[in-house]
Amino acid sequence: MKKLTVHVGNTYEIMIEKGILKSCGRYIKNVSNAKKIAVVTDTNVAPLYLETVKESLVKEGFEVINYIFEAGESSKTAETVMRMVEFLAENRLTRNDMVAALGGGVCGDMAGFASAIYLRGIDFVQLPTTLLSQVDSSVGGKTGVDLPQGKNLCGAFHQPSLVLIDTTTLRSLPVHFFSDGMGEVIKTGCIKSAQLFEKIENEDITAENIEDIVYACVDIKKGVVERDEKEQGERALLNFGHTAGHGIEKLHNFTGISHGEAVGIGMLMISEAGEKAGLTEGSTAERIKKVLEKYNLKTEDENSAADIIEAMQSDKKRTGSGINFVMLSSIGNSFIHPVENEKIKELFGI
Ligand code: GLY
């Protein structure tokens with residue numbers, strides 16, 4: 001088993017092991033004296049792993065209830081979270097009880113947010129089953145929902161008590177979802193680790209050989225979150241490609257394009273802009289483009305750059321007078337570049 005400890009507020013562990021879902025109850029028992037556990041999952045994941053998780057929890061003496069929501073980003077709303085919270089209340093969960101988020105990023109974000117606000121905060125564990133959630137969203141305590149005005153505009157920082165990563169779940173992941181997660185892996189290499197980027201550039205990463213990659217990403221994220229839990233500085237680097245990416249997702253009404261695909265196009269756009277502005281080392285964008293293509297991610301969007309820039313304006317990372325873009329000086333090295341509103345089009349060459 002690979003293990004990492006995150007020191008932020010309450011210290012918690014991240015355990016990475018093939019098949020760990022089968023013994024999740026044992027590890028959860030070590031961090032909780034809950035009587036009841038509410039497993040929150042979606043309609044895609046429930047048929048695959050809910051019984052395994054329930055069985056392990058029941059074996060350890062937990063009373064288990066489950067809440068299943070319709071899979072997909074369009075479910076990531078305040079209404080869904082309020083229904084979850086009401087479900088917890090109907091089942092009389094106390095402050096000692098716990099929520100387990102079994103699924104991808106949407107599930108973890110919503111179950112985490114429900115745990116953050118129910119009784120002003122109860123514990124939750126992350127059981128991420130997609131690559132995106134294993135390498136990024138399950139670690140660091142960002143929870144929340146989308147609003148009609150933009151993605152993730154409503155939420156709370158609420159750290160999990162434990163993260164259990166079972167990479168065998170990636171075997172059941174449709175290719176599209178695997179690529180989606182590779183978008184975040186590529187991002188992590190771009191901003192913090194040339195070594196990680198070179199590994200995914202030179203090797204063929206599949207669900208079978210991804211454990212070291214998951215560990216490397218989580219290790220990098222853990223460090224960033226420990227140094228800057230509430231995104232006052234360094235943590236914003238994790239948003240590389242996300243400003244344009246969120247704009248693209250918004251233009252697609254959050255359907256028909258995955259988060260990883262949108263972020264991939266965003267990373268490319270900002271790196272091309274960086275090279276033109278002399279801020280980013282030459283051939284960085286070309287390397288990113290090749291690696292996006294290698295992992296079946298898109299490199300362009302049908303919307304124009306002008307429309308994407310317009311859609312970016314509602315991004316929450318925006319300051320009053322401009323946007324803080326995350327840029328690369330080279331692969332593995334990133335920095336925040338504030339750009340005034342009137343200079344944004346110029347940065348993107350329009
Ligand atoms: N996914 C970016 C962050 O957790 O800060």
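It should be noted that the structure appears before, not after, this text.
Structure report, in brief. Bear in mind that the values here come from a model prediction, so they are computed numbers and not experimental data. (Residues numbered from 1 in each chain as written. Predicted model: local features only at pLDDT ≥ 70, side-chain atom pairs only at ≥ 80, totals over all residues. Heavy atoms only, no water.)

### Points about the packing of aromatic side chains
1) Next: Counting across every chain of the model gives two aromatic pairs.
2) Next: Taking the centre distance of 5.6 Å and the plane angle of 65 degrees together, the rings of F325 and F348 count as edge-to-face. Of this pair, F325 sits in strand β11 (residues 322-330) while F348 is found in the segment after α13 (344-347), placing the two residues 23 residues apart along the sequence.
3) Next: Given a relative accessible area of 14%, F348 falls into the buried group. (Phe/Tyr/Trp six-rings, centres within 6.5 Å; stacked < 30°, edge-to-face > 60°. Helix = DSSP H or I, 4+ residues; strand = E, 2+ residues; numbered from the N terminus. Buried < 20%, exposed > 50% of the residue type's maximum accessible area, 1.4 Å probe, protein only.)

### Overview of the layout of surface pockets
1) Next: Here the second largest pocket is characterised by a volume of approximately 270 Å³.
2) Next: Broken down by secondary-structure element, the contributors of at least two residues to the lining of the second largest pocket are α10 (259-276) and α12 (305-312).
3) Next: Looking at the lining of the second largest pocket, the element that brings in the most residues is α10, giving six residues.
4) Next: Looking at the lining of the second largest pocket, its residues break down into eight nonpolar, three polar and five charged. (1 Å grid on protein atoms, 1.4 Å probe; cavity = no way out; pocket = protein on both sides within 12 Å on 5 of 7 lines; lining within 4 Å. Points joined across faces, edges and corners; volume = space filled by probe spheres on them. Nonpolar A, V, L, I, M, F, W, Y, C, P; charged D, E, K, R; others polar.)

### Quick word on the side chain of S258
1) Next: Secondary-structure assignment places S258 in the loop between α9 (242-251) and α10.
2) Next: A polar contact is formed between the side chain of S258 and the side chain of D180, at a distance of 3.2 Å.
3) Next: In contact with S258, other than residues within four places in its own chain, are H176 and D180. (Polar contact = N/O pair within 3.5 Å; in protein donor to acceptor, adjacent residues only side chain to side chain. Contact = heavy atoms within 4.5 Å.)

### Overview of the site of the ligand
1) Next: Lining the immediate surroundings of the ligand are D136, K142, K221, R235 and L238.
2) Next: Here an oxygen atom of the ligand sits 2.7 Å away from a polar atom, N or O, in the side chain of R235.
3) Next: Broken down by class, the residue content of the shell around the ligand amounts to one nonpolar, no polar and four charged. (Near = heavy atom within 4 Å.)

### Quick word on empty space enclosed by the protein
1) Next: With the rule as written, the count across this model stands at two cavities of 30 Å³ or more.
2) Next: Its boundaries defined by the atoms lining it, the second largest cavity holds a volume of some 50 Å³.
3) Next: Lining the second largest cavity, in full, are G241, H242, T243, A244, G266, I270, M312, F325, V326 and F348.
4) Next: Of all elements in the fold, only α9, α10 and β11 reach the threshold of two or more residues within the lining of the second largest cavity.
5) Next: The dominant element in the lining of the second largest cavity, judged by the number of residues it contributes, is α9, at three residues.
6) Next: By residue class, the composition of the lining of the second largest cavity is six nonpolar, four polar and no charged.

### A word on the nonpolar core
1) Next: Ranked by internal contacts, the top residues of the largest apolar core, which has 65 residues, are I14, M182, I186, I288, F325 and F348.
2) Next: In terms of residue count, the dominant contributor to this core is α10 (eight residues). (Core = buried A, V, L, I, M, F, W, Y, C linked by side-chain atoms within 4.5 Å.)

### Focus: the packing of helix α7 (residues 194-202) against helix α8 (residues 211-227)
1) Next: One way to put it is that α7 packs onto α8 with a least axis distance of 11 Å and a crossing angle of 155 degrees. Taken together, the axes of α7 and α8 lie roughly antiparallel to each other. The interaxial crossing formed by α7 with α8 has left-handed handedness. For the pair α7 and α8, the contacting residues are L196, K199 and I200 in the first and I213, A216, C217 and I220 in the second.
2) Next: Here the contact of α7 with α8 is built from residues that sort into six nonpolar, no polar and one charged. (Axes fitted to C-alpha atoms, helices over the stretch in contact; angles between N-to-C directions. Parallel < 35°, antiparallel > 145°, perpendicular 65-115°, else oblique. Left-handed = near helix turned anticlockwise from the far one by under 90°.)

### Regarding the pattern of salt bridges
1) Next: Scanning the entire structure with this criterion turns up 18 salt bridges.
2) Next: The closest approach of N and O atoms between K76 and D109, which form a salt bridge, is 2.8 Å. Of this pair, K76 sits in the loop between β4 (63-69) and α3 (78-90) while D109 sits in helix α4 (residues 105-117); the two residues are 33 residues apart in sequence, bridging distant segments of the chain. Of the two residues, K76 and D109, neither departs from the other in class, the shared state being buried.
3) Next: A salt bridge links K142 to E231; the nearest nitrogen and oxygen atoms lie 2.5 Å apart. (Salt bridge = Lys/Arg side-chain N within 4 Å of Asp/Glu carboxyl O.)

### Considerations on the side chain of H259
1) Next: With respect to the element layout, H259 can be found in helix α10.
2) Next: A relative accessible area of 15% places H259 in the buried class.
3) Next: There is a polar contact of 3.0 Å between the side chain of H259 and the side chain of E184.
4) Next: When sequence neighbours within four positions are dropped, the list of residues in contact with H259 reads L132, K151, D180, E184, H242, H246 and E249.

### Thoughts on the pairing of β4
1) Next: In the sheet, strand β3 (residues 36-42) pairs with β4 via seven bridges, with the strands oriented parallel. What sits directly across from D42, in β4, is F69.
2) Next: Since β3 and β4 lie parallel, the crossover through helix α2 (residues 46-59) that links them has a hand, and here it is right-handed. (Pairing = 2+ DSSP bridges. Right-handed = clockwise from strand over helix to strand, strands pointing away.)

By themselves these figures say nothing about function.
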